[in-house]
Amino acid sequence: MRTMKLFRSIALILCAVLITSFIYQAKGEGDAVAYAMAQNTLECCAAELSACTGYPYYKNENTDRYINYRLIHMDYTLDAVISYVNIGLDRYFYSNPEVIASPGSTDVLVNKYRPLPSSYIPQNLEKISSKYSYGTQKMTHTARRAFEKMCADAKKHGYGILASSSYRSYDKQAEVYASFFTQADPASVAVQELICARPGYSEHQTGLAVDAVRATPSQNNTVYKWLFKNACKYGFIVRYPIGKEGVTGYANEPWHLRYLGVELATAVYNSGLTYDEYYIREIDISDKSGDVPVVGVTAHSQISIDGTSYQLSAVWLSGNTYYKLRDIAVILNNTSKAFDIVWDGEAKRIDMRLGVPYSAALTLSASDTGHAVLASASQSGLQALGCAVDLKAYSIGGATYFKLQDIMNLLGLTAADDGAGNLIIKTVSIAAAPLPDTSVPPG
Ligand code: DAL
Ligand code: ZN
């Protein structure tokens, strides 16, 4: 079973690597087939993601990262892809540290992407009763009281619990971290990173974490089992659960408890998620009650007008390809279907003047492929020949995009696919071939 899973994962990773390399190869070698395959896969990812943009934890700015992460984790659910990227797991630990702005909140998330300010010292640090600690240990007031209550109740059930380490200052954590590394064989650095946080990255600096260990060796793992199930009743969660090393960045620590308050700790426990995931899905969220955008993919498209070919940047959106109206104006400029576009700022509409040469620069937008974009549906307010033809359009990065077919209909043109992915547009009827000149006899 494990081997099957391993094979499946390797196959999926190979697929994704191939797809990604196809995109780059296709650019260099003009390999139309590879490009089409890669583009199709991106379009599938974009279509899937379009169904998620309304999630409170969907972050528009992460759209490209969701797609890239999806390509190498085709076996993950979309929820997992979005949550993991939001946590930062598509990047190396410590690679983009975002220093926590409110380190004193009870629900603060500290992990390998979110360090505390090095100068942060929590207020209300109090000593844990010597009945429940090894030596002097401190926690913030509320966490300390909750811990002592939990220890007292655990004792009634026959479990002796002691705090072996709770609040650690930034400097203390630096000492602990250094102590691991002086003993460490350089080859095992990765292992050490799994068991000790770097200074600034430890929850112990919040005064809300405590390592709760058994008081007597005979109680062994039963204490940890009791803690796992019952700690939330006192406001604690086991922060680094078994099997979640890939998410938390730490090996299982059944003794490391984090105070969140009873309500939040119970919700996290019941969710079965790590706090990293829970925080991303339930706390670090935004209101998505308004219109939500759809996810598109940038592409380029070959269009031939009366035999002259142009490469236009385009955006694939929900099964259709959209173009900038100005690019269509540029490629039709020397034809009988030329038109100009004028933005009427007062009426907030685009005036399309048919039969008039395009008045702005005759350059096409730079063609950019393989990127995710967010598109918001809009009414364009388009007006042609003085009549409102308010086509549905999409606003993408400040520009308005139209469906080619809509523009063709407006101009009385048809765009036919030549079967090789090129669109052929003819604005003039092809004149009958001239008859051979027979006035001069051959030879
Ligand atoms: N052992 C935990 C991860 C810490 O050092 O904070
Ligand atoms: Zn700990």
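Up top is the structure these notes are about.
Quick caveat, the model's predicted, so the values are computed rather than measured.

> An account of the environment of Gln205 is requested, with residue identities and associated values reported.
Position of Gln205 among the secondary structure elements: in the loop between helix 7 (189-195) and strand 4 (209-214). Overall, the relative accessible area of 1% leaves Gln205 in the buried class. It is 6.3 Å that separates the C-alpha atoms of Gln205 and Tyr170, two residues lying 35 residues apart in sequence. In contact with Gln205, other than residues within four places in its own chain, are Leu116, Pro117, Ser118, Tyr120, Pro122, Tyr167, Arg168, Ser169, Tyr170 and Gly200.

> For the pattern of salt bridges, give the residues involved together with the corresponding values.
Proximity of charged atoms lets side chains of opposite charge pair with each other. This structure, assessed with the given rule, holds 18 salt bridges. Linking Asp284 and Lys59 is a salt bridge whose minimum nitrogen-to-oxygen distance equals 3.2 Å. On the criterion of sequence distance, the pair formed by Asp284 in the loop between helix 11 (275-283) and strand 7 (294-305) and Lys59 in the loop between helix 2 (32-50) and helix 3 (63-72) is long-range, its members being 225 residues apart. Judged by relative accessible area, which is 29%, Asp284 ranks as partly exposed. Between Arg326 and Asp327 there is a salt bridge; the shortest N-O distance is 3.3 Å. The class of Asp327 is buried, set by a relative accessible area of 0%.

> Give me the site of ligand 1: which residues, what numbers.
Looking at ligand 1, the residues that line it are Arg168, Gln173, Ile195, Cys196, Ala197, Ser202, His204, Tyr240, Tyr250 and Glu253. Arg168 has a polar side-chain atom sitting 3.3 Å from an oxygen atom of ligand 1. Taking Ser202, its side chain carries an N or O atom lying 2.6 Å from an oxygen atom of ligand 1. In the shell around ligand 1, the residues fall into 5 nonpolar, 3 polar and 2 charged.

> Residue-level account of the sheet that holds strand 3 (residues 161-165), with values.
Reading across from one edge, 3-4-6-5 is the order of the 4 strands in this open sheet, with antiparallel pairing throughout. Every interior strand has two partners, whereas the edge strands, strand 3 and strand 5 (236-240), have only one. Within this sheet the neighbouring strands show an average axis-to-axis angle of 45°, counted without direction. Along the sheet, helix 5 (residues 141-156) contacts strand 3, strand 4, strand 5 and strand 6 (253-259); its crossing angle with strand 3, the most-contacted strand, is approximately 140°.

> Please give an account of the packing of helix 2 against helix 3 that cites residues and values.
Relative orientation of the contacting elements helix 2 and helix 3 amounts to 120°, with a least axis distance of 10 Å. On the basis of their axis angle, the class for helix 2 and helix 3 is oblique. Both helix 2 and helix 3 take part in a crossing whose hand is right-handed. Contacts between helix 2 and helix 3 involve Thr41, Leu42, Cys45, Ala46, Glu48 and Leu49 from the former and Thr63, Tyr66, Ile67, Arg70 and Leu71 from the latter. When its residues are assigned to classes, the contact of helix 2 with helix 3 shows 7 nonpolar, 2 polar and 2 charged.

Calculation notes
- Residues numbered from 1 in each chain as written.
- Chains lettered and ligands numbered in written order.
- Predicted model: local features only at pLDDT ≥ 70, side-chain atom pairs only at ≥ 80, totals over all residues.
- Heavy atoms only, no water.
- Helix = DSSP H or I, 4+ residues; strand = E, 2+ residues; numbered from the N terminus.
- Buried < 20%, exposed > 50% of the residue type's maximum accessible area, 1.4 Å probe, protein only.
- Contact = heavy atoms within 4.5 Å.
- Salt bridge = Lys/Arg side-chain N within 4 Å of Asp/Glu carboxyl O.
- Near = heavy atom within 4 Å.
- Polar contact = N/O pair within 3.5 Å; in protein donor to acceptor, adjacent residues only side chain to side chain.
- Nonpolar A, V, L, I, M, F, W, Y, C, P; charged D, E, K, R; others polar.
- Pairing = 2+ DSSP bridges.
- Axes fitted to C-alpha atoms, helices over the stretch in contact; angles between N-to-C directions.
- Parallel < 35°, antiparallel > 145°, perpendicular 65-115°, else oblique.
- Left-handed = near helix turned anticlockwise from the far one by under 90°.

None of the figures reported here should be taken as evidence of function without further support.
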